[in-house]
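Chain by chain, the residues:
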Amino acid sequence: LQLGMYCKIIKDILIKYRNMSVIKLIVFSFIIKKHESIQVECFSAKNSTDLVLKALSQIAGRYDELISQLPYIFQAIDLLIKNNICDLHTNEVMCLLPESTPHKLMKGFIFSAIEESKSYTDRQFLKEVISIV
């Protein structure tokens, strides 16, 4: 069940953004899955500063949970690659499907946070994740 959820989430992220680093894909897929399970947004699309930090703050203190979810996320990425939905180049996962409508949670706050994360290098992003989680 979890593997299927992560496959859908990762596919939706990649359809919308076309490519994303593995590190960012792992973290944002975990955040989106958390949103789906609680179905409550802490922030709205009206927030406009430090969106990445606000998104990461939602998983603060969930280190053990994030670590326990890593095998499912890696398996989902692997499954999507094996089924020619995406491809891996160096440290980026790229979508091979045509663009379509993203998942409902890919709008608003999460959309803005992922957009802002593009300005972060993987190293900066990982430092923020480690300091918050």
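The structure displayed is predicted, hence computed values, not measured ones.

Cut-off values and rules
- Residues numbered from 1 in each chain as written.
- Predicted model: local features only at pLDDT ≥ 70, side-chain atom pairs only at ≥ 80, totals over all residues.
- Heavy atoms only, no water.
- 1 Å grid on protein atoms, 1.4 Å probe; cavity = no way out; pocket = protein on both sides within 12 Å on 5 of 7 lines; lining within 4 Å.
- Points joined across faces, edges and corners; volume = space filled by probe spheres on them.
- Helix = DSSP H or I, 4+ residues; strand = E, 2+ residues; numbered from the N terminus.
- Nonpolar A, V, L, I, M, F, W, Y, C, P; charged D, E, K, R; others polar.
- Pairing = 2+ DSSP bridges.
- Polar contact = N/O pair within 3.5 Å; in protein donor to acceptor, adjacent residues only side chain to side chain.
- Contact = heavy atoms within 4.5 Å.

Let's shift gears to the layout of surface pockets. Of the volumes computed, that of the largest pocket is approximately 200 Å³. Ile23, Ile26, Val27, Tyr63, Leu66, Ile67, Leu70, Leu126, Val129, Ile130 and Val133 together form the lining of the largest pocket. Residue assignment for the lining of the largest pocket shows that the elements contributing at least two residues are α2 (22–38), α4 (63–82) and α6 (122–132). Take the lining of the largest pocket: its biggest share by element is four residues, from α4. Class assignment of the residues belonging to the lining of the largest pocket gives a composition of 11 nonpolar, no polar and no charged.

Note on strand geometry: in a regular strand, side chains alternate between the two faces of the sheet. As defined by bridge partners, strand β2 (residues 86–89) adjoins strand β3 (residues 92–95) across four bridges and the pair is classed as antiparallel. Bridge assignment links His89 to a residue of β3, and that residue is Glu92. With antiparallel pairing between neighbouring strands as the criterion, β2 and β3 make up a hairpin whose turn holds two residues, including Thr90 at a positive phi of roughly 50°.

On to the side chain of Lys24, then. Along the polypeptide, Lys24 turns up in helix α2. Here the side chain of Lys24 touches Tyr120 through a polar contact of 2.8 Å, landing on its backbone oxygen. Other than its neighbours up to four places away in sequence, Lys24 contacts Ser117, Lys118, Tyr120, Asp122 and Phe125.

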